[in-house]
Amino acid sequence: MIDYLIIGSGLAGISFSEIALQNNKSILFLDNNSQNSSKIAGGLYNPVILKRFSEVAQAKEHLLIMNQFFANLERKLDCKVDFKLPILRKFFSIEEQNNWFSASDKANLAPFLSTNLIFKKYSSIDSPFGYGEVLQTGYIDTSLLLSKYREYLMENKLFREEFFDYTLLQEEIDGIRYKDIRARHIIFAEGFGMHSNPYFNNLPLDGTKGELFIIKAPSLDLDVIMNTSVFILPLGNSIYKVGATYNWTDKTAIPTEEGKKELVDKIKEIINCDFEIIEHFAGVRPTVKDRRPLVGTHTSHNSIHILNGLGTRGVMLGPAMAKALFENIEYQKTLDKTIDIQRFNKKS
Ligand SMILES: Cc1cc2nc3c(=O)[nH]c(=O)nc-3n(C[C@H](O)[C@H](O)[C@H](O)COP(=O)(O)OP(=O)(O)OC[C@H]3O[C@@H](n4cnc5c(N)ncnc54)[C@H](O)[C@@H]3O)c2cc1C
């Protein structure tokens, strides 16, 4: 009998397993590599929604949990995955500079928006109005993190590469049974794959497709993350990750010509040098209609839980949401009603 059977080893699943392991619980993962959102993500964390100049909900608290989480993982996996880098927002007018200063005056945004405008000259980028710098930002190398974490799980026999067949799940008095596995709890963390889950597929997980590139641009000398209509993230050796698009109708993880054109056009709005597309990825973000995560326990099955809906911010949200779910299951700590799946229960 193990404590937790976890379905899905993306950012949600590994966030939960780490909290469980730190609390001396036993775990086992099943994953069939059917979703790739965490693997291909930009991996950026940014406490400010720059489009609207608003703070990401509970940003301070989530950053704190996230920083600790990835620092622990770096020690455990013995590799660097958290790269602290400023995010620069390019200004296109004096008005945009003024909007930045008004936003940085707000108490909740002040810790995150620097009031020193940046006028550094980057080759191949024109920016006469300079840049605003967002603080406490960076990116997680999610692809490296996931592959190192998978290695760790395999070495410790905590991972099985297989499809979870929902029809074989049985409830027992003290937990669940699935084939030869008995567990006190099952955590579903399937990302957009949740749509095949009969226990939770009534929840409004929309899914937003995103495409991104890895490019090579030898004439560009960026050492920070540039974020305007798309982000440009330096990976070293003239290689950059660029993304991402947002498509609300196509729900496949297949790169498209339309996505490619959109990204190329947006890159050309920012940089004026040649670049070569080295890779082109696509994935579906597990986004929810009300833009809040899906966390909690099934109404009629108290051993069956969900950790999903991390949307566009899996890096910042994953560890905090996993902690909230773990404490809810183990210590009956109440879930915030904005993340609890009970908010979608129809009231009669
Ligand atoms: C283009 C793009 C760019 C992004 N950029 C960022 C960014 O910069 N910063 C950020 O914070 N977030 C970003 N995101 C969002 C982030 O990737 C997601 O919030 C996060 O990855 C969701 O993690 P997850 O574990 O819920 O889902 P997933 O990563 O999709 O993981 C789900 C796992 O469940 C497995 N699975 C599903 N069904 C089954 C089944 N029946 N049996 C077995 N296994 C199953 C899948 O194989 C998969 O491994 C981006 C996403 C995309 C697509």
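Residues numbered from 1 in each chain as written. Predicted model: local features only at pLDDT ≥ 70, side-chain atom pairs only at ≥ 80, totals over all residues. Heavy atoms only, no water.

**What about the site of the ligand?**
Lining the immediate environment of the ligand, one finds 37 residues, of which Asp31, Ser34, Ser38, Phe164 and Gly311 sit closest. Within the backbone of alanine 12, an N or O atom sits 3.0 Å from an oxygen atom of the ligand. Measuring from a nitrogen atom of the ligand, one finds a side-chain N or O atom of asparagine 32 at 3.1 Å. Taking 1,000 Å² as the accessible area of the ligand by itself, protein coverage stands at 96%. Of all the elements in the fold, those that place two or more residues in the shell around the ligand are helix H1 (11-22), strand E2 (27-31), helix H2 (37-40), strand E14 (208-216), strand E18 (276-285) and helix H7 (314-331). Broken down by element, the shell around the ligand gets its largest block of residues, 3 residues, from H2. (Near = heavy atom within 4 Å. Polar contact = N/O pair within 3.5 Å; in protein donor to acceptor, adjacent residues only side chain to side chain. Areas by Shrake-Rupley, 256 points an atom, 1.4 Å probe, with all protein chains shown as cover. Helix = DSSP H or I, 4+ residues; strand = E, 2+ residues; numbered from the N terminus.)

**Some thoughts on the packing of H1 against helix H3 (residues 59-77)**
Interhelical geometry of H1 versus H3 gives an angle of 75 degrees and a closest axis separation of 12 Å. One way to sum up the angle between H1 and H3 is to call them roughly perpendicular. On H3, the residues that touch Ile14, Ser15, Glu18, Leu21 and Gln22 of H1 are Phe69, Asn72, Leu73 and Lys76. Among the residues making up the contact of H1 with H3, the classes are represented as 4 nonpolar, 3 polar and 2 charged. (Axes fitted to C-alpha atoms, helices over the stretch in contact; angles between N-to-C directions. Parallel < 35°, antiparallel > 145°, perpendicular 65-115°, else oblique. Contact = heavy atoms within 4.5 Å. Nonpolar A, V, L, I, M, F, W, Y, C, P; charged D, E, K, R; others polar.)

**Digging into the packing of aromatic side chains**
Across all of its chains, the model carries 17 aromatic pairs by this definition. With centroids separated by 5.0 Å and ring planes inclined at 15 degrees, the aromatic side chains of phenylalanine 83 and tyrosine 139 adopt a geometry described as stacked. With a gap of 56 residues between them, phenylalanine 83 in strand E6 (residues 82-84) and tyrosine 139 in strand E9 (residues 138-140) connect regions that are remote in the sequence. An aromatic cluster of at least three residues, connected via ring pairs, comprises Phe164, Tyr166, Tyr178, Phe188, Tyr199 and Phe200. The ring of phenylalanine 83 carries the charged tip of lysine 80 above its face, separated from the ring centre by 5.1 Å. One residue, arginine 285, lies across the ring of tyrosine 246, its end atom 4.0 Å from the ring centre. (Phe/Tyr/Trp six-rings, centres within 6.5 Å; stacked < 30°, edge-to-face > 60°. Lys NZ or Arg CZ within 6 Å of the ring centre and 35° of its normal.)

**Considerations on the sheet that holds E9**
Taken together, the 3 strands give an open sheet; going across it, the order is E3-E9-E6, and neighbouring strands pair in antiparallel fashion. Each edge of the sheet is formed by a strand with only one pairing partner; in this case those strands are strand E3 (44-45) and E6. Both E3 and E9 contribute to a ladder of 2 bridges, which runs antiparallel. Among the inter-strand pairings, leucine 44 is bridged to a residue of E9, identified as tyrosine 139. (Pairing = 2+ DSSP bridges.)

**Section: the layout of surface pockets**
A volume near 260 Å³ is recorded for the second largest pocket. Lining the second largest pocket are 15 residues, and of these Gln58, Glu61, Ala320, Ala324 and Lys333 lie nearest its centre. Looking at the lining of the second largest pocket, the elements that each hand over two or more residues are H3 and H7. Per-element tally for the lining of the second largest pocket: the top contributor is H7, with 5 residues. For the lining of the second largest pocket, the per-class residue count stands at 6 nonpolar, 3 polar and 6 charged. (1 Å grid on protein atoms, 1.4 Å probe; cavity = no way out; pocket = protein on both sides within 12 Å on 5 of 7 lines; lining within 4 Å. Points joined across faces, edges and corners; volume = space filled by probe spheres on them.)

**Section: the pairing of strand E20 (residues 304-308)**
Counting buried residues along E20, 5 of its 5 residues qualify, which places the element largely inside the surrounding structure. The two faces of E20 match: Ile304, Ile306 and Asn308 on one face and His305 and Leu307 on the other face are all buried. Direction of pairing for strand E13 (residues 181-188) relative to E20: parallel, over a ladder of 3 bridges. Residue pairing across strands places isoleucine 187 opposite histidine 305, the latter belonging to E20. Bridge analysis of strand E19 (residues 294-297) against E20 gives 4 bridges, and the strand direction is antiparallel. Bridging across to E20, threonine 297 finds its partner in histidine 305. Between E19 and the antiparallel strand that follows it, E20, lie 6 residues. (Buried < 20%, exposed > 50% of the residue type's maximum accessible area, 1.4 Å probe, protein only.)

**Remarks on the packing of H3 against helix H5 (residues 142-155)**
At a minimum axis distance of 11 Å, the contact between H3 and H5 shows a crossing angle of 55 degrees. The pairing of H3 with H5 is recorded here as oblique in orientation. The handedness of the crossing between H3 and H5 comes out as left-handed. Between H3 and H5, the residues in contact are Phe70, Leu73, Lys76 and Leu77 and Leu145, Lys148, Tyr149 and Tyr152, respectively. (Left-handed = near helix turned anticlockwise from the far one by under 90°.)

**Section: unusual backbone geometry**
The residue after glycine 243, namely alanine 244, is reached through a cis peptide bond having omega -5 degrees. Structurally, the position occupied by alanine 244 is in the loop between strand E17 (239-243) and helix H6 (257-270). With a phi close to 75 degrees, serine 124 is a non-glycine residue in the positive phi region. Relative to the elements of secondary structure, serine 124 occurs in the loop between helix H4 (94-105) and strand E8 (131-134). Positive phi is not limited to glycine here, since arginine 291 has a value of about 60 degrees. Along the polypeptide, arginine 291 turns up in the loop between E18 and E19.

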